Structures are given as C-alpha cells and as structure tokens.
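Here is what each chain is made of, one letter per residue.
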Amino acid sequence: VRLRGQQLPDCRPGLQAAAMNTYHYDLHIHSCLSPCGDNDMTPNNLVQMALLSGCDVIALTDHNTCRNAPAAMEAGARNGLLVIPGMELCTAEEAHVVWLFETLEGALEFDHYIYENMPHVKNRPEIFGEQRLLDGEDAPVGEEENLLLVSSFVGVDQVVGLAAQYGGVAFPAHVDRDSFSVIASLGAIPAEAGFTAAEVTRDCDLASFTQLHPELGGLPIFRDSDSHYLETLAGDPWELPLPELSIQAVLDAVRGRN
C-alpha cells in the first residue's frame, strides 16, 4: 500500500513506516456465497489458506452480500486471524467497489440495505454457481436464491456517504481492469466521488498506470488477490504499516489517516 505523503509505492518485505508495525493483508476475498466463488472457499478453508499465505488480516468481500462474514469472523477469531466484514458491491454503473465495516452489525445492516436496493433475479446454479451460506464450522445453513451477480441501484457518487452511515469505508476495486471497475465504467475515478484509496491487481505496473490516471496520485493504493479459489489466495501477500492490528487501524489506513 502507498500511504499519502510517503514514498512507499509498493510495501514489499523490508519496507516499514516509522513507528509502525508491518502486517500482511488481503482485503478482497470471496467465499462460496459468491456464485463465482468455488465451493471450497468455506470460511474455515479460506481462513486457513490465508494463514498459510502469511496473512495477518483479511476481509471477506462477497458480491453484494455480507452474510458469510459472521462465520468467517468466527473462524478467524478461533485461529488467530483478523477478519474484517466486507462486501464487493456492484454499483449501478457496473463498477465494483470494496466495502469494509468497523462492526459486523454495521455490515449486516448494510447487507439488508443492499438487498432492498438491488434487482431480485433467481439464481441459476447450473450457470452461475451455488450461493452457499455456512456457519462457523462450515456447516450449510442455507442458500441465497436470488442472484448476487447483479448491479445494485447504488451509484458511485453515493458510495462514500453510504459507507460512513454504516460505519465503514469503501474504495474502488481493481481499477486497472478493463471491466467492472470504476475507471472502465466511467473513464476515471471522479474526484467528486470522494474516494480516499483505491485497489489495483497484484501484477499492476502502478507507476505506468498512475501516469495514465493521475487521480490516483497521493491515494493509498492496495493490492489484493480478489480470490475466488483457494489456490489464488495462496502466495505472497502485500504489506501494510499500521500502528496496531485492528479493524479500526485498517479502516484508518483506507481513509489515509495512518
């Protein structure tokens, strides 16, 4: 991650901010509740794989829902991994945005808000995949019948304000991709949207991409796996300097406050 005002374009091993500890993170991971998420992406499996990968903190960000977050947070607490409740929202413009919440209660309240502000189209598991709800022991407790791979009625210009209302933060996902990103949909990240951070893919040439999109200059930049499969979650996670390992500290980093 690159912190505002600091020359840390890619915090790889060995780079630390003064008076900070360095933690490994992945803030964009899907479970088997996302229809495109593999059925092996159960809460306990993804927590264990994140630990094997060296992560200290992850966020569960299923498409348009937070309802597997309780199970993932339970599995994380049991195994010593900080799990942040989150969501990957598809906006009205078909742009993906990562949301992170300070509390599970706020996440689930927002989940209800989005459910009421998205079209309800029946899922076809044979085409899109199952949408499996699990408990903290990976036991099935239900299945979401409505397809989660739809665009919500929330516009990009509403994101930051809504995130604050529900005790969270939000940043545009994988902005270097040529589909389902704010830049792909709108041509740029609008200044009026008020984003304080952005995400790129792990293999993005950030220096070259920032030259094309100077609106990214000065923003904290996160690199996440966007994992839908256990094998893509494995690897070398990126580093984030924080004053402490807590949800609040991560959210403050997204706000550019650390």
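Bear in mind the structure is a predicted one, so any value in this text is a computation, not a measurement.

1. A look at the packing of aromatic side chains
Part 1: Applying the stated criterion across every chain yields a total of eight aromatic pairs.
Part 2: Consider the rings of Phe110 and Tyr166, whose centres lie 5.3 Å apart with planes at 65°: the pair is edge-to-face. Of this pair, Phe110 sits in helix H3 (residues 104-115) while Tyr166 is found in the loop between helix H5 (159-165) and strand E7 (168-172), placing the two residues 56 residues apart along the sequence.
Part 3: Of the residues examined, Phe110 reaches a relative accessible area of 0% and is grouped as buried.
Part 4: On the accessibility criterion, Tyr166 (17% relative accessible area) is buried.
Part 5: Joined through ring pairs, the aromatic side chains of Trp99, Phe101, Phe110, Tyr113 and Tyr166 make up one cluster.
Part 6: The aromatic ring of Trp238 is capped on one face by Arg223, whose charged end is 4.7 Å from the ring centroid.

2. Focus: the pattern of salt bridges
Part 1: Evaluation of the coordinates by the stated rule reveals ten salt bridges.
Part 2: The partner of Arg124 in a salt bridge is Glu126, and the shortest N-O contact between them spans 3.1 Å.
Part 3: For Glu126, a relative accessible area of 58% gives the class exposed.
Part 4: Between Arg255 and Asp252 there is a salt bridge whose closest N-O contact spans 3.1 Å.
Part 5: Residue Asp252 is classed as buried on the basis of its relative accessible area, which comes to 16%.
Part 6: Each of the salt bridges in this network shares a partner with another, and the network as a whole consists of Arg67, Asp111 and Glu144.

3. Quick word on helix H9 (residues 247-254)
Part 1: Most of H9 is tucked away: seven of the eight residues are buried.
Part 2: Every buried residue of H9 is accounted for by Ile247, Ala249, Val250, Leu251, Asp252, Ala253 and Val254.
Part 3: Positive backbone phi, at 80°, marks Gly256, one or two positions downstream of H9.

4. Comments concerning the packing of helix H1 (residues 43-52) against helix H2 (residues 69-79)
Part 1: Remark: H1 packs on H2, axes separated minimally by 8 Å, with the N-to-C direction vectors making an angle of 45°. With respect to each other, H1 and H2 are oriented oblique. Remark: the crossing between H1 and H2 carries right-handed chirality. Counted together, Pro43, Asn44, Val47, Gln48 and Leu51 of H1 and Ala71, Ala72, Ala75, Gly76, Arg78 and Asn79 of H2 form the full contact between these two elements.
Part 2: Its residues assigned to classes, the contact of H1 with H2 comprises six nonpolar, four polar and one charged.

5. Concerning H3
Part 1: The end-to-end C-alpha distance of H3, which contains twelve residues, comes to 16 Å, matching closely the 16 Å that a straight helix rising 1.5 Å per residue would cover.
Part 2: Every buried residue of H3 is listed here: Gly106, Ala107, Phe110, Asp111 and Ile114. Taken down its axis, H3 places every buried residue within 145° of arc, on the same side. Turned more than 90 degrees off the buried face of H3, the exposed positions are Glu105 and His112.
Part 3: In this fold, the buried residues of H3 make contact with strand E3 (82-90) and strand E4 (96-101).

6. Focus on the nonpolar core
Nonpolar side chains in soluble globular proteins generally cluster together in the buried interior.
Part 1: Counting residues in hydrophobic clusters, the biggest one holds 37 residues, and the most contacted among them are Trp99, Val175, Ile189 and Leu216.
Part 2: Once residues lying within four places of it in the same chain are set aside, the contact partners of Val175 are Ser181, Ile183, Ile189, Ala198, Glu199, Val200, Phe209 and Leu216.
Part 3: By size, the runner-up hydrophobic cluster in this structure holds 22 residues, among which are Leu27, Ala197, Leu242 and Ala249.

7. Notes on unusual backbone geometry
Part 1: Despite not being glycine, Glu94 shows a phi value in the positive range, around 65°.
Part 2: The residue Glu94 is located in the loop between E3 and E4 in this model.

8. Some remarks on the pairing of E4
Part 1: Buried residues dominate E4, accounting for six of its six residues.
Part 2: Residues His96, Val98 and Leu100 line one face of E4 and the alternating positions Val97, Trp99 and Phe101 line the opposite face, and both faces are buried.
Part 3: Note that E3 and E4 share five bridges and pair antiparallel. Paired with Met87 across the bridge in E4 is Trp99.
Part 4: Hairpin connection between E3 and E4: a loop of five residues separates the two successive antiparallel strands, and Glu94 in this loop has a positive phi of roughly 65°.
Part 5: Two elements, E4 and E7, share five bridges in a ladder whose sense is antiparallel. Along E7, the bridge assignment pairs Val98 with Phe171.

Cut-offs used in this document
Residues numbered from 1 in each chain as written. Predicted model: local features only at pLDDT ≥ 70, side-chain atom pairs only at ≥ 80, totals over all residues. Heavy atoms only, no water. Phe/Tyr/Trp six-rings, centres within 6.5 Å; stacked < 30°, edge-to-face > 60°. Helix = DSSP H or I, 4+ residues; strand = E, 2+ residues; numbered from the N terminus. Buried < 20%, exposed > 50% of the residue type's maximum accessible area, 1.4 Å probe, protein only. Lys NZ or Arg CZ within 6 Å of the ring centre and 35° of its normal. Salt bridge = Lys/Arg side-chain N within 4 Å of Asp/Glu carboxyl O. Axes fitted to C-alpha atoms, helices over the stretch in contact; angles between N-to-C directions. Parallel < 35°, antiparallel > 145°, perpendicular 65-115°, else oblique. Left-handed = near helix turned anticlockwise from the far one by under 90°. Contact = heavy atoms within 4.5 Å. Nonpolar A, V, L, I, M, F, W, Y, C, P; charged D, E, K, R; others polar. Expected span 1.5 Å × (residues − 1). Arc of directions from axis to C-beta. Core = buried A, V, L, I, M, F, W, Y, C linked by side-chain atoms within 4.5 Å. Pairing = 2+ DSSP bridges.

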